[in-house]
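Observations on the three-dimensional arrangement
As a plain string of letters, each chain reads:
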Amino acid sequence: MKRSAAEIVREYGPFAGVEAVHGVTYDGRHVWFASGDKLNAVDPDDGKIARSIDVAAHAGTAFDGRHLFQIAEDRIQKIDAATGKVLGTIPSPGGGGDSGLAWAEGSLWVGQYRERKIHQVDPETGKVLRTIESKRFVTGVTWVDGELWHGTWENEESDLRRIDPETGKVLEQLDLPAGTGVSGLESDGGDRFFCGGGDRGNVRAVRRPRRS
Amino acid sequence: MESLITAAARALEAGDPLGALNRVALRNDAPSLALRGIAMAQLGDLAKAKSLLRSAARAFGPREAVARARCIVAEAEIALVSRDLSWPVKALAAARATLDKHGDLANAAHAGHIEARRLLLLGRLDEAEHALAGLITSPLPAASQVVRELVGAGIAIRRLRTKDARAALDRAAHAVRLAGIPALAAEVEGANLVLDTPAARLIARGREHPLLLGEIEALATSKALVVDTFHHTIRRQGVVVSLGTRPVLFALARQLAQAWPADVSREALMAAAFHARHADESHRARLRVEIGRLRAKLRPLADVNATKQGFALTPRKTREVLVLARPVEEKHATVLALLCDGEPWSSSALALALRTSARTVQRALDELARSNKVQSFGHGRARRWMAPPVPGFPTGLLLPTPLLKT
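1. What to know about the overall build of chain A
On a plain count of helices and strands, chain A comes out with zero helices and 21 strands. With the C-alpha coordinates of chain A rotated into their principal frame, the extents come out at 45 × 40 × 30 Å. The buried share of chain A, reckoned over its 212 residues, is 60%. Just so you have it, chain A exposes about 8400 Å², and 44% of that area is on carbon and sulfur atoms. Seen as two clouds, the 28 positive and the 33 negative side-chain charges of chain A have centres 2 Å apart.

Put into structure tokens, the structure is as follows:
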């Protein structure tokens with residue numbers, strides 16, 4: 001396993017009226033983050049909130065190209081990114097113990113925090129297709145270039161780890177500085193991860209290691 | 001971290017404990033137990049809250065030391081409010097160290113405030129002051145600032161430093177506006193009331209009037225001869241005669257001071273000092289002996305002269321004699337004074353605070369209960385005693401809200 005210190009390239013926030021960041025996603029232009037009763041779109045260039053949607057937003061956030069998916073209480077809401085309208089909901093696999101959310105390959109991937117699990121879920125029905133076990137509490141989840149990454153946070157220690165989607169084995173680990181939490185994780189498809197900072201109420205950009 | 005936990009925590013913060021319970025009522029994982037505990041505390045079921053928080057502390061794993069420490073702090077606060085003063089302080093100190101180490105300074109300070117409040121309640125003022133001085137002052141959430149100032153004011157009030165108390169309460173009032181918590185605002189108001197409520201009676205030349213705390217403080221620089229029934233001393237500025245261990249002599253001195261410049265009959269003196277209803281010759285002999293002893297003790301401050309009827313006081317170097325007495329004098333006044341903070345006390349906590357035996361306290365409580373001056377609820381070891389609420393020092397519950405976030 002490769003292990004190194006995470007390189008934080010930029011910090012966004014804290015933002016006025018935002019107490020905590022619960023989930024993060026990226027739509028190609030804006031970084032979206034969940035702040036309890038709102039989804040907020042941040043322009044990653046100027047760091048300002050460009051737009052907000054009033055919707056219950058208690059944990060992970062994902063984007064499938066057209067819709068935002070947002071966990072609230074024990075369900076996953078499907079939201080029209082253009083209008084902010086909730087189009088439908090499915091039950092979340094952790095029954096409310098859910099944390100991170102990602103979209104990839106036609107499925108939703110849901111991190112179940114204390115159970116240390118990642119579920120692959122059918123976005124239409126909420127059916128669990130399969131479950132991957134992790135070693136630590138799972139916060140954010142993201143896929144990039146066929147790699148499955150998730151954030152962890154236990155006792156004020158956090159890291160980003162790439163795991164084998166078949167076995168759950170840790171392949172690579174980026175340690176965040178002590179006391180830096182990760183809540184919510186999303187790749188921009190390039191060399192950046194966006195990580196939610198939990199109750200610090202901020203979002204950090206972390207460099208993704210280059211493949212040689 | 002977890003969706004429902006976030007939702008429940010938000011409900012709690014918004015002052016909706018029932019909404020929080022709705023979301024986690026059926027869950028038994030560690031954060032849910034902690035949330036349920038805090039919700040129950042806010043709903044007033046402190047016993048249930050305590051057991052839930054204890055379960056939560058156990059359920060958090062070894063890698064979740066911070067969350068566990070926060071549960072311990074919350075449990076300590078519940079113990080303090082329930083007047084369960086025998087609560088293990090070591091666990092609280094360890095929790096505070098853990099929070100400190102992990103940079104949770106607000107909750108670490110909260111733990112320190114709980115410790116200082118406990119010491120204040122126990123009357124260990126030096127230690128309370130020391131504990132408070134060792135804590136960080138900023139940046140703290142406004143609510144924590146309020147608690148800090150209230151503890152400081154409580155210490156100053158007990159020390160008769162009115163100016164310090166007022167300054168602390170002014171700062172508390174400022175911070176409470178930022179905190180916006182009604183219960184806390186009520187506590188600050190209540191504490192202010194203490195400064196504006198008579199704390200003693202002044203008896204001079206047979207007349208009496210109520211004294212505010214500030215006026216009592218001013219007496220310290222008065223040129224008068226002061227018979228202080230709080231401390232069982234007789235003093236004139238820096239000259240102090242302590243009769244704390246001589247109750248008979250003090251009772252005599254007080255009778256003489258109250259009547260001054262008139263004299264007091266032998267019968268009245270014997271009744272007051274010996275509780276003698278029908279004085280006989282042996283009482284008269286004893287009075288002569290005790291007056292002789294009092295004369296010797298009071299020599300630097302006053303003389304005791306025989307009159308036709310009995311005896312009279314002649315103060316030295318002053319023309320004023322004052323008696324400082326409690327606002328209401330009755331048996332078991334110290335027990336009542338503690339109960340007057342409006343919180344439920346166990347008899348063992350009262351014994352601890354009064355440094356006396358549980359049996360003595362129990363007898364006092366039984367007597368007071370018969371005259372309807374105190375009331376009790378609960379049975380056996382869970383029995384608690386209360387007096388009609390009177391403003392006191394910090395008593396309310398202010399569970400650490402960041403407890404809910406991991």
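2. Some details on the interface of chain B and chain A
Opposite the 23 residues of chain B that make contact, chain A presents 29 residues. Across the interface of chain B and chain A, roughly 2100 Å² is buried in total on both sides, 48% from carbon and sulfur atoms. Three residues stand out in chain B for area buried against chain A, namely Met1(B), Ser3(B) and Arg63(B), and they jointly supply 34% of the buried area on that side. For the interface between chain B and chain A, the tally reads five salt bridges. Residues Arg63(B) and Glu154(A) are paired through a salt bridge, measuring 3.5 Å at the closest nitrogen-oxygen approach. Counting every contact that joins chain B to chain A gives ten residue pairs in polar contact (both at pLDDT 80 or more). Counting only elements with at least two residues in the side of chain B that touches chain A, the list comes to α1 (3–13), α3 (30–42) and α5 (65–81) of chain B. No other element matches the seven residues that α1(B) contributes to the side of chain B that touches chain A.

3. Details of the pattern of salt bridges
It is possible for side chains of opposite charge to pair when their charged atoms get near one another. Residues and elements named next belong to chain B. Summed over all chains, the structure comprises 37 salt bridges over all chains. A salt bridge links Glu77 to Arg117; the shortest N-O distance between them is 3.6 Å. Of this pair, Glu77 sits in helix α5 while Arg117 sits in helix α7 (residues 105–121); the two residues are 40 residues apart in sequence, bridging distant segments of the chain. The class for Glu77 is buried, based on a relative accessible area of 0%.

4. Some details on the packing of helix α4 (residues 46–59) of chain B against α5(B)
Pairs of packed helices are described in terms of their axes, by the angle between the two and the distance that separates them. All names here are of chain B. The interhelical angle for the contact between α4 and α5, taken along N-to-C directions, is 160 degrees, at an axis separation of 9 Å. In this view, α4 runs roughly antiparallel relative to α5, as classed from their interaxial angle. The element α4 and its partner α5 pack so that their crossing is left-handed. Contacts from Leu46, Ala49, Lys50, Leu53, Arg54, Ala56, Ala57 and Arg58 in α4 reach Arg68, Cys71, Ile72, Ala74, Glu75, Ile78 and Val81 in α5. Tallied by class, residues from the contact of α4 with α5 come to ten nonpolar, no polar and five charged.

5. Here we look at the nonpolar core
All names here are of chain B. If you look at the biggest cluster of nonpolar residues, it comprises 38 residues, and the most contacted ones within it are Val146, Val151, Val188, Leu211 and Leu324. Of all elements in the fold, only α7, α8 (125–133), α9 (142–158), α10 (162–179), α11 (182–195), β1 (200–204), α12 (213–219) and β9 (321–325) reach the threshold of two or more residues within this core. Among the elements that take part in this core, α9 stands out by supplying nine residues, more than any other. Residues within four places of Val146 in sequence aside, it is in contact with Ala172, Ala175, Val176, Leu184 and Val188. Membership of the second largest hydrophobic core comes to 33 residues, among which are Val227, Trp260, Phe311 and Val321.

6. Observations concerning the sheet that holds strand β8 (residues 67–72) of chain A
Sheet strands pair by backbone hydrogen bonding; their relative direction is either parallel or antiparallel. Residues and elements named next belong to chain A. Taken in spatial order, the four strands of this open sheet run β7-β8-β9-β10, and their pairing is antiparallel. Two strands lie at the open edges of the sheet, namely β7 (61–63) and β10 (86–91), each paired on one side alone. The average undirected angle you get between the axes of adjacent strands in this sheet is 20 degrees. Pairing of β8 with strand β9 (residues 75–80) involves six bridges; the strand directions are antiparallel. Within the sheet, the bridge partner assigned to Leu68 lies in β9 and is Ile79.

7. What about the packing of α8(B) against α9(B)?
All names here are of chain B. At their nearest, the axes of α8 and α9 sit 10 Å apart, and the two run at 150 degrees to each other. Taken together, the axes of α8 and α9 lie roughly antiparallel to each other. Between α8 and α9 lies a crossing of left-handed hand. Along its contact with α8, which presents Leu125, Ala128, Glu129 and Leu132, the element α9 presents Arg148, Val151, Gly152, Ile155 and Arg158. Taken together, the residues of the contact of α8 with α9 break down into five nonpolar, one polar and three charged.

Rules behind the numbers
Residues numbered from 1 in each chain as written. Chains lettered and ligands numbered in written order. Predicted model: local features only at pLDDT ≥ 70, side-chain atom pairs only at ≥ 80, totals over all residues. Heavy atoms only, no water. Helix = DSSP H or I, 4+ residues; strand = E, 2+ residues; numbered from the N terminus. Buried < 20%, exposed > 50% of the residue type's maximum accessible area, 1.4 Å probe, protein only. Areas by Shrake-Rupley, 256 points an atom, 1.4 Å probe, with all protein chains shown as cover. Lys, Arg positive; Asp, Glu negative; His and termini not counted. Charge placed at Lys NZ, Arg CZ, Asp CG, Glu CD. Contact = heavy atoms within 4.5 Å. Buried area = accessible area lost by both parts, 1.4 Å probe. Salt bridge = Lys/Arg side-chain N within 4 Å of Asp/Glu carboxyl O. Polar contact = N/O pair within 3.5 Å; in protein donor to acceptor, adjacent residues only side chain to side chain. Axes fitted to C-alpha atoms, helices over the stretch in contact; angles between N-to-C directions. Parallel < 35°, antiparallel > 145°, perpendicular 65-115°, else oblique. Left-handed = near helix turned anticlockwise from the far one by under 90°. Nonpolar A, V, L, I, M, F, W, Y, C, P; charged D, E, K, R; others polar. Core = buried A, V, L, I, M, F, W, Y, C linked by side-chain atoms within 4.5 Å. Pairing = 2+ DSSP bridges.

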